[in-house]
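# Structure at a glance
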Amino acid sequence: MTDKHRFHVIHGTPTLDTSAEQVRKRVRAMPKPAYMVQCHRCGGREVIETKTGVMMKNGKPVGGTKQLLCVGCLLKGERVLLV
Ligand SMILES: [Zn+2]
C-alpha cells in the first residue's frame, strides 16, 4: 500500500445541517452490514485474489493493488472485477 493521500480537504461551502442531512450523517456513520460477494455477471460466489503492479524489492514482492476476480468468469476467459 502507498502512503500517499489520495484525497485532500478543500475549502468549500459546508452542507446545511438540516434534519435530512443529520439523518444522512447518522446513516453514513453506521457500520456497513456484511454480505457475501457475488459475481454480478454469472452469480458465482467463488473468487480469486490477484495483485497488479507488484514491485520486487530485495528479492521480495511488495505492494501492488489487490483485486477480487470471479473464478467462474475467469475460466470462461472473462475478467470480471468484483471489488
Ligand atoms: Zn462471474
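Above: the structure in question.
A brief report on the enclosed structure follows. All figures in this text were calculated on a predicted structure; none of them were measured in a lab.

### Regarding the overall build of the protein chain
For the protein chain, the count of helices and strands is two helices and four strands. Shown N-terminal to C-terminal, the secondary structure of the protein chain runs as helices and strands in the order α-β-β-β-β-α. Rg of the C-alpha trace for the protein chain: 19 Å, well past the compact-globule value of 12 Å for 83 residues, more than 25% over. With respect to the principal axes defined by its C-alpha atoms, the protein chain has extents near 50 × 40 × 20 Å. Buried residues in the protein chain amount to 13% of all 83 residues. When the accessible surface of the protein chain is summed, it comes to about 7,900 Å², and 58% of that surface belongs to carbon and sulfur atoms. The averaged location of the 6 negative side-chain charges in the protein chain is 2 Å from the averaged location of its 15 positive side-chain charges.

### Details of the coordination of the zinc ion
Six octahedral donors around a metal ideally make angles of 90 or 180 degrees; four tetrahedral donors ideally make 109.5 degrees. Surrounding the zinc ion are the protein donor atoms Cys39 (SG), Cys42 (SG), Cys70 (SG) and Cys73 (SG), at 2.3 to 2.4 Å. Around the zinc ion sit four donor atoms; with metal-centred angles ranging over 100 to 115 degrees, the donor geometry is tetrahedral. Along the chain, the residues that donate to the zinc ion are spaced as C-x2-C-x27-C-x2-C. No difference in accessibility class separates Cys70 from Cys73, as the two residues are buried.

### Some remarks on the environment of Val54
In this structure, Val54 sits in the loop between strand 1 (47–52) and strand 2 (55–57). By relative accessible area, Val54 is classed as partly exposed at 36%. In this structure, the C-alpha to C-alpha distance between Val54 and Thr65, residues eleven residues apart in sequence, is 7.5 Å. Discounting residues that sit within four places of it in the chain, Val54 has contacts with Pro61, Val62, Gly63 and Gly64.

Calculation notes
Residues numbered from 1 in each chain as written. Predicted model: local features only at pLDDT ≥ 70, side-chain atom pairs only at ≥ 80, totals over all residues. Heavy atoms only, no water. Helix = DSSP H or I, 4+ residues; strand = E, 2+ residues; numbered from the N terminus. Rg over C-alpha atoms; globule rule 2.2 N^0.38 Å. Buried < 20%, exposed > 50% of the residue type's maximum accessible area, 1.4 Å probe, protein only. Areas by Shrake-Rupley, 256 points an atom, 1.4 Å probe, with all protein chains shown as cover. Lys, Arg positive; Asp, Glu negative; His and termini not counted. Charge placed at Lys NZ, Arg CZ, Asp CG, Glu CD. Donors = N, O, S within 2.8 Å, 3.2 Å for Na, K, Ca; no water. Tetrahedral: all angles 85-135°; square planar, octahedral: opposite > 155°, others 65-115°. Contact = heavy atoms within 4.5 Å.

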